[in-house]
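# Structural characterization, general
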Amino acid sequence: MITSNIHLGKDVHIEKDASINNVRIGDGTKIASGVRVFGSAQHILEVGKGCYFGLSTIVEGYNAQVTIGDHVSFAQNVNLMSGSGPNASQVMQRIFPILKGPVTLGDHTWIGASAVIMPNVTLGKFCIVAANSFVNRSFADYSVIGGSPAKLIRTLTATEIEKLQP
């Protein structure tokens, strides 16, 4: 495996069978077994401090910029991608062109197990994505979303938001 452009903060824990490349990872982040987190030389994938990547999660920032805020949590088997399409078939690409675009996750966002996050998605801070959701559009701060495709389930209440304040 070729590795390059790896910038690790303090106290970053990466399981030995995880794979990272073209990334900048903030202090105190933990990466579980089987995780793949990578950008490209043109798009260094940015991970904030205190994040957690659950088992077998894939975060692909090869095609466009992926920026993950502080204290973002990924459950197991999450798939986040900056590019998606029928790569092996130029003929199919005539009908289904490859989507490429940035992905941004705000601070304290929580991504449930087996969720898929597509290119050109921004999730605000303190968002919650339900397990098995397909996220193909952006949502504002404090959104609780779920489904396939993901829809707004509710917004955190004023009382809940107050509890999030330091």
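Refer to the structure printed above.
Keep in mind the model is a prediction, meaning the values are calculated, not measured.

### Structural notes on the sheet that holds strand E20 (residues 134-135)
Taken together, six strands build an open sheet; the order of strands is E3-E6-E9-E12-E17-E20 and the sheet is parallel. Looking at strand neighbours, the two that pair on one side only are strand E3 (19-21) and E20, the edges of this open sheet. Strand direction decides the pairing type here: strand E6 (residues 36-38) and strand E9 (residues 58-60), joined by three bridges, are parallel. Pairing of Phe38 across the sheet is with Glu60, part of E9.

### Side note on the environment of Arg24
With respect to the element layout, Arg24 can be found in strand E4 (residues 23-25). With 24 residues separating them in the primary sequence, Arg24 and Gly48 have C-alpha atoms 8.2 Å apart.

### Concerning the pairing of strand E21 (residues 143-147)
Of all five residues in E21, four are buried, a share of seventy percent or more. In terms of strand pairing, strand E19 (residues 128-129) meets E21 through two bridges, oriented parallel. When the sheet's bridge partners are listed, Val129 is paired in E21 with Ile145. Across five bridges, the pairing between E21 and strand E22 (residues 150-155) is antiparallel. Within E22, the position partnered with Gly147 by the bridge is Ala150. The loop that links E21 with its antiparallel partner E22 comprises two residues.

The rules behind the values
- Residues numbered from 1 in each chain as written.
- Predicted model: local features only at pLDDT ≥ 70, side-chain atom pairs only at ≥ 80, totals over all residues.
- Heavy atoms only, no water.
- Pairing = 2+ DSSP bridges.
- Helix = DSSP H or I, 4+ residues; strand = E, 2+ residues; numbered from the N terminus.
- Buried < 20%, exposed > 50% of the residue type's maximum accessible area, 1.4 Å probe, protein only.

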